[in-house]
Amino acid sequence: MFKKLNKQKKKQSQQLNSEIDLHNIPEHVAIIMDGNGRWAKKRKLPRIKGHYQGMQTVKEITREASDLGIKYLTLYAFSTENWSRPKSEVNYIMNLPVNFLKTFLPELIEKNVKVETIGFMEHLPDSTLKAINKAIEETKDNTGLRLIFALNYGGRAEIVQSMKTIFDELSNEGLTSDSINEAMIEKHLMTHRYPDPELLIRTSGEQRISNFLIWQASYSEFIFNEKLWPDFDKEELINCIKIYQSRQRRFGGVIDS
Ligand code: FPP
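These numbers come from a predicted model, not from an experiment.

Some details on empty space enclosed by the protein
Argument step 1. What the rule picks out here adds up to 1 cavity of 30 Å³ or more.
Argument step 2. Estimated volume of the largest cavity: approximately 40 Å³.
Argument step 3. Lining the largest cavity are His 28, Thr 74, Ile 118, Ile 148, Thr 191, Tyr 194, Pro 195, Pro 197, Leu 213 and Gln 216.
Argument step 4. When the residues that make up the lining of the largest cavity are grouped by side-chain class, the tally is 6 nonpolar, 4 polar and no charged.

Quick word on the site of the ligand
Argument step 1. By nearness alone, 16 residues border the ligand, and Asp 34, Gly 37, Arg 38, Arg 47 and Arg 85 come closest of all.
Argument step 2. At 3.3 Å from an oxygen atom of the ligand is found a main-chain nitrogen or oxygen belonging to Gly 35.
Argument step 3. Contact distances for the ligand include 3.2 Å between an oxygen atom and a backbone N or O atom of Asn 36.
Argument step 4. Bound to the protein, the ligand loses 91% of the 620 Å² it would expose on its own.

Things to note about the nonpolar core
Argument step 1. Membership of the largest hydrophobic core comes to 46 residues, with the highest contact counts inside it found for Ile 31, Leu 73, Phe 100 and Leu 108.
Argument step 2. When residues of this core are traced back to their parent elements, those giving at least two are strand S1 (28-32), helix H3 (47-68), strand S2 (72-79), helix H4 (87-110), helix H5 (126-138), strand S4 (146-153), strand S5 (199-202) and helix H8 (234-246).
Argument step 3. Here the element with the most residues in this core is H4; it accounts for 10 residues.
Argument step 4. Those residues within four positions of Ile 31 in sequence are excluded, and the remaining contacts are Ile 61, Leu 73, Thr 74, Leu 75, Tyr 76, Ile 201, Phe 212 and Trp 229.

What to know about the packing of aromatic side chains
Ring pairs (aromatic) are described by centroid distance and by the angle formed between their planes.
Argument step 1. Tallying each qualifying case throughout the model produces 9 aromatic pairs.
Argument step 2. Joined through ring pairs, the aromatic side chains of Tyr 76, Tyr 153 and Phe 212 make up one cluster.

Describing the side chain of Glu 198
Argument step 1. Position of Glu 198 relative to the elements: it lies in the loop between helix H7 (182-187) and S5.
Argument step 2. Given a relative accessible area of 14%, Glu 198 falls into the buried group.
Argument step 3. Of note is the side chain of Glu 198, whose polar atom sits 3.1 Å from the backbone nitrogen of Glu 27.
Argument step 4. Only 2.8 Å separates the side chain of Glu 198 from the backbone nitrogen of His 28, close enough to count as a polar contact.
Argument step 5. Setting aside residues up to four positions removed in sequence, Glu 198 forms contacts with Pro 26, Glu 27, His 28, Ser 220, Glu 221, Tyr 244 and Arg 249.

Looking at the packing of H3 against H4
Argument step 1. The interhelical angle for the contact between H3 and H4, taken along N-to-C directions, is 30°, at an axis separation of 10 Å. When the axis of H3 is compared with that of H4, the two are roughly parallel. Between H3 and H4 lies a crossing whose hand is right-handed. Between H3 and H4, the contacting residues are Arg 47, Ile 48, His 51, Tyr 52, Met 55, Val 58, Lys 59, Thr 62 and Arg 63 on the first element and Glu 89, Tyr 92, Ile 93, Leu 96, Asn 99, Phe 100, Thr 103, Phe 104, Glu 107 and Leu 108 on the second.

Focus: the UniProt feature "binding site: Mg(2+)" (unreviewed entry) in the protein chain
Argument step 1. According to UniProt, the "binding site: Mg(2+)" (unreviewed entry) feature falls on Asp 34 and Glu 221. Residues from the annotated list that form part of the lining of the largest pocket: Asp 34.
Argument step 2. Mapped onto the elements, Asp 34 comes out in the loop between S1 and helix H2 (36-42).
Argument step 3. Assessed through its relative accessible area of 17%, Asp 34 is described here as buried.
Argument step 4. Filtering out sequence-adjacent residues up to four positions away, Asp 34 remains in contact with Arg 202, Thr 203, Ser 204, Glu 206, Lys 227, Leu 228 and Trp 229.
Argument step 5. Along the polypeptide, Glu 221 turns up in strand S6 (residues 221-224).
Argument step 6. Given the relative accessible area of 14%, Glu 221 is considered buried.
Argument step 7. The contact partners of Glu 221, leaving out residues within four places of it in the chain, are Glu 198, Leu 199, Leu 200, Tyr 244, Arg 247, Gln 248 and Arg 249.

Cut-offs and rules
- Residues numbered from 1 in each chain as written.
- Predicted model: local features only at pLDDT ≥ 70, side-chain atom pairs only at ≥ 80, totals over all residues.
- Heavy atoms only, no water.
- 1 Å grid on protein atoms, 1.4 Å probe; cavity = no way out; pocket = protein on both sides within 12 Å on 5 of 7 lines; lining within 4 Å.
- Points joined across faces, edges and corners; volume = space filled by probe spheres on them.
- Nonpolar A, V, L, I, M, F, W, Y, C, P; charged D, E, K, R; others polar.
- Near = heavy atom within 4 Å.
- Polar contact = N/O pair within 3.5 Å; in protein donor to acceptor, adjacent residues only side chain to side chain.
- Areas by Shrake-Rupley, 256 points an atom, 1.4 Å probe, with all protein chains shown as cover.
- Core = buried A, V, L, I, M, F, W, Y, C linked by side-chain atoms within 4.5 Å.
- Buried < 20%, exposed > 50% of the residue type's maximum accessible area, 1.4 Å probe, protein only.
- Helix = DSSP H or I, 4+ residues; strand = E, 2+ residues; numbered from the N terminus.
- Contact = heavy atoms within 4.5 Å.
- Phe/Tyr/Trp six-rings, centres within 6.5 Å; stacked < 30°, edge-to-face > 60°.
- Axes fitted to C-alpha atoms, helices over the stretch in contact; angles between N-to-C directions.
- Parallel < 35°, antiparallel > 145°, perpendicular 65-115°, else oblique.
- Left-handed = near helix turned anticlockwise from the far one by under 90°.
- UniProt positions renumbered as here; feature names shortened; annotations may be inferred.

Put into structure tokens, the structure is as follows:
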């Protein structure tokens, strides 16, 4: 019975895969993983069970992103505003990277995935930092998918930090604000090593950006997916890419017909 179901699912996924244009895969996909709490509530489970299941989804989506040839996958795992949640929930989320990497790091290494982060990492607990730094170190020479966790990340705080550094640099060099341009601001953002995301997905049906990559998503295609994050799967990711491929990106210009 299960074997038959699995076979059916595999066939479905192969069919979906063949429906997307493999030459037009977005290079950078960013995801707001929303709906863990509601997933748990629907099942009368504590919210942390939703986060646990959300972590399993991170594994599936990382595998699929890597197989599809996506180059950068940025996942919003914890925002600068999430500290206001109950302490027990914050502690649980902070331990997720430890749990995730304990079970998944060998597969990430085998898949040539490079683990990276954006966010104010210095505020994370030592145990979280230790697990993440180990993963960063052990995958630093990998050349495949770059899996970027946004942890204690907030777009506004990122821009404030960038502006402060720019101000200091200009003052030290005796320069004025005339030297400030977009490239200079970008160079000082936490994402300076990455291209802007072409595709930004938010799960759970909520339609807002919640302080995620607010500078970088200026021209991203937004897809608001109805699934709660723990229910999001590779078929949904492929569907999002199909929708992305059906859109015309104009960047404020016009397309000749
Ligand atoms: C938002 O859903 C989710 C979070 C704030 C946590 C996201 C974390 C994961 C999905 C796991 C990350 C895994 C690793 C390895 C870091 P919510 O709790 O706001 O859901 P709700 O809106 O339904 O309450």
